[in-house]
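Structural characterization, general
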Amino acid sequence: MVDEYQDVSPLQQRLLELWLGERDDLCVVGDASQTIYSFTGATPDHLLDFRTRHPGATVVKLVRDYRSTPQVVHLANGLLSQASGRAADHRLELVSQRDPGPEPGYTEYPDEPAEAEGAARRIRDLLDAGVPAAEIAVLFRTNAQSETYEQALADLGIPYQLRGAERFFDRPEVRKAGVALRGAARFGGNDTLLEDAVDLPSQVRAVLSGEGWTPQPPAGSGAVRERWESLAALVGLAQDFAAAQPGASLADLVAELDERANAQHAPTVQGVTLASLHSAKGLEWDVVFLVGVAEGMMPITYARTDEQIEEERRLLYVGVTRARERLHVSWALSRSPGGRPSRRPSRFLDGLRPGSGAAVGRAAGGGAGGIERGFTGAAAGAPLVRRRTQRTPARCRVCGRTLTDAGEMKLMRCEDCPSDMDEGLYERLRDWRAVQARRAGQPAFCVFTDKTLMAIAETVPEEEGELARIPGVGVRKFHRYGADVLAICAGHDVGGDDEEG
Ligand SMILES: Nc1ncnc2c1ncn2[C@@H]1O[C@H](COP(=O)(O)OP(=O)(O)OP(=O)(O)O)[C@@H](O)[C@H]1O
């Protein structure tokens with residue numbers, strides 16, 4: 001008995017033949033529309049030619065779909081109706097056996113971090129409504145996309161597990177890059193590598209060039225490309241960090257990476273699944289978020305030939321058919337906050353998502369609703385000013401001087417300008433922080449650094465917007481600790497006792 005027979009390689013087929021010998025005692029199960037491993041040499045031809053090789057074989061077409069709602073199946077059928085090539089000639093129109101459910105949702109975001117935060121917020125709502133974390137998955141095209149989602153989930157305190165890949169900061173190339181960046185930060189100006197690097201992103205690019213990063217991606221897919229994508233994700237992180245914290249040094253970036261790695265390493269019990277589309281094969285969840293469904297990612301840029309494009313379509317089909325009840329499809333118009341909104345939603349959704357032009361094949365039609373515009377921060381109702389989008393120069397709130405030192409920016413004043421800190425409040429915040437850190441099993445600075453606590457004790461924020469604007473209070477910390485901090489600032493006792501459990 002062979003499952004996933006559409007994806008057997010010539011070697012596996014040969015092994016099967018050797019096992020079988022002269023016998024015909026064989027059953028194979030497969031779906032040519034789910035062929036997604038052609039790049040490893042696998043081919044659906046063994047499945048499609050089975051009847052020729054075994055003329056006496058009985059063919060059973062399984063068209064009843066017991067997994068997904070009619071709405072999800074409708075989209076899956078719509079995707080395949082536009083497919084071409086040999087596999088598509090053998091496609092089946094699935095018929096859902098389940099009760100109706102919600103229409104798939106489509107959300108467009110201005111940038112990738114906003115998309116990840118949007119998905120994380122929806123997941124938070126689902127968890128609060130009682131959906132088990134194990135019934136939710138976020139599926140993406142490349143493993144390098146995981147970091148943004150790992151961070152967004154960690155920001156909201158949502159446990160997650162990665163499937164088919166190591167956590168971003170555990171990957172060998174990311175660890176090695178971290179060591180190199182740490183070394184360069186320590187040597188600072190004495191490092192000859194950094195001689196020509198004028199700003200933080202170019203310093204990072206210079207250091208990572210020694211680790212295999214190149215301005216252009218390597219040709220093709222596979223492990224080399226995956227490693228490059230990880231390094232490119234680090235370069236992207238450095239660019240975003242430098243844009244949000246003008247004047248930040250390499251050492252500040254290393255501290256930020258450490259903080260992210262710590263936050264993402266919270267122990268998980270049962271979590272939301274983060275997986276690439278390839279490693280989601282054969283699995284299913286009640287709720288599936290298909291993210292990054294934009295041209296360039298889906299189909300991926302290096303898919304050039306018609307066959308490669310068709311394989312990308314099948315990959316999306318695999319993703320759609322993982323959802324039992326709820327499916328959220330999203331994409332971002334630019335990679336980074338403030339970037340040029342040059343991306344467009346995947347061509348595979350043409351004619352299928354509301355508001356898109358007519359499809360080449362039969363449109364899936366149906367489905368009320370439209371595309372949501374996903375925003376973050378204030379636009380989403382939360383009074384957040386996101387660190388990453390902060391563009392105006394930071395100024396000392398005592399003397400007005402432009403601040404360039406990261407520590408001073410956190411304090412929101414020059415180190416030597418007089419502090420008007422409420423000492424009592426500062427102490428109460430420190431006590432509260434110690435309790436939070438113990439509960440989370442993390443060092444205190446992972447909750448808030450001393451500088452951020454000082455800035456809070458000097459500002460004494462009275463409302464959410466004021467707190468959110470304090471550097472060091474990112475989205476994750478705002479959501480996690482904002483209510484407590486505001487209550488402490490208002491003089492309330494938030495129960496700092498460290499009860500177990
Ligand atoms: N006859 C049935 N009655 C009720 N539920 C069924 C029946 N057959 C399958 N299911 C359910 O449908 C879902 C999908 O089944 P299964 O995983 O076997 O499908 P599959 O064809 O292998 O899917 P894929 O290849 O797309 O991963 C599972 O949750 C399974 O329990």
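Below is a summary of the structure that appears in this document. Since we're looking at a predicted model, the values are computed, not measured.

1. Focus on the site of the ligand
The immediate surroundings of the ligand are formed by Gln34, Tyr66, Arg67, Lys281, Gly282, Glu284 and Arg322. At a separation of 3.2 Å, an oxygen atom of the ligand approaches a polar side-chain atom of glutamine 34. One of the side-chain N or O atoms of arginine 67 is found 3.1 Å from an oxygen atom in the ligand. Tallied by class, residues from the shell around the ligand come to one nonpolar, two polar and four charged.

2. With respect to a negative patch on the surface
There is a patch of like negative charges on the surface, built from Asp422, Glu423, Glu427 and Asp431. With respect to the secondary-structure elements, glutamate 427 resides in helix 14 (residues 423-440). When its relative accessible area of 41% is taken as the criterion, glutamate 427 is described as partly exposed.

3. Some thoughts on the pattern of salt bridges
In total, this model carries 27 salt bridges according to the counting rule given. The closest approach of N and O atoms between aspartate 240 and arginine 335, which form a salt bridge, is 3.5 Å. Taken together, the residues span a long stretch of sequence, with aspartate 240 in helix 10 (residues 223-244) and arginine 335 in the loop between strand 8 (323-334) and strand 9 (371-373) at a distance of 95 residues. Judged by relative accessible area, which is 30%, arginine 335 ranks as partly exposed. Close ionic contact of glutamate 311 with arginine 314 constitutes a salt bridge, the shortest N to O distance being 2.9 Å. With glutamate 311 and arginine 314 both in helix 12 (residues 306-320), this residue pair falls three residues apart, about one helical turn. When salt bridges that share partners are traced, they join Arg67, Glu135, Glu284, Asp286 and Arg324 into one network.

4. A short note on unusual backbone geometry
For the bond running from methionine 298 to proline 299, omega is 5 degrees, close enough to zero to count as cis. Among the structural elements, proline 299 can be located in the loop between strand 7 (285-290) and helix 12. A positive phi angle, close to 50 degrees, is found at glutamate 4, a residue other than glycine. Its location among the elements puts glutamate 4 in the segment before helix 1 (10-20). The backbone of valine 460 sits at a positive phi, close to 45 degrees, despite the residue not being glycine.

About the thresholds
- Residues numbered from 1 in each chain as written.
- Predicted model: local features only at pLDDT ≥ 70, side-chain atom pairs only at ≥ 80, totals over all residues.
- Heavy atoms only, no water.
- Near = heavy atom within 4 Å.
- Polar contact = N/O pair within 3.5 Å; in protein donor to acceptor, adjacent residues only side chain to side chain.
- Nonpolar A, V, L, I, M, F, W, Y, C, P; charged D, E, K, R; others polar.
- Patch = residues over 30% accessible without salt bridge, like charges linked within 9 Å, V, L, I, M, F, W, Y side chains within 5 Å.
- Areas by Shrake-Rupley, 256 points an atom, 1.4 Å probe, with all protein chains shown as cover.
- Salt bridge = Lys/Arg side-chain N within 4 Å of Asp/Glu carboxyl O.
- Lys, Arg positive; Asp, Glu negative; His and termini not counted.
- Charge placed at Lys NZ, Arg CZ, Asp CG, Glu CD.
- Helix = DSSP H or I, 4+ residues; strand = E, 2+ residues; numbered from the N terminus.
- Buried < 20%, exposed > 50% of the residue type's maximum accessible area, 1.4 Å probe, protein only.

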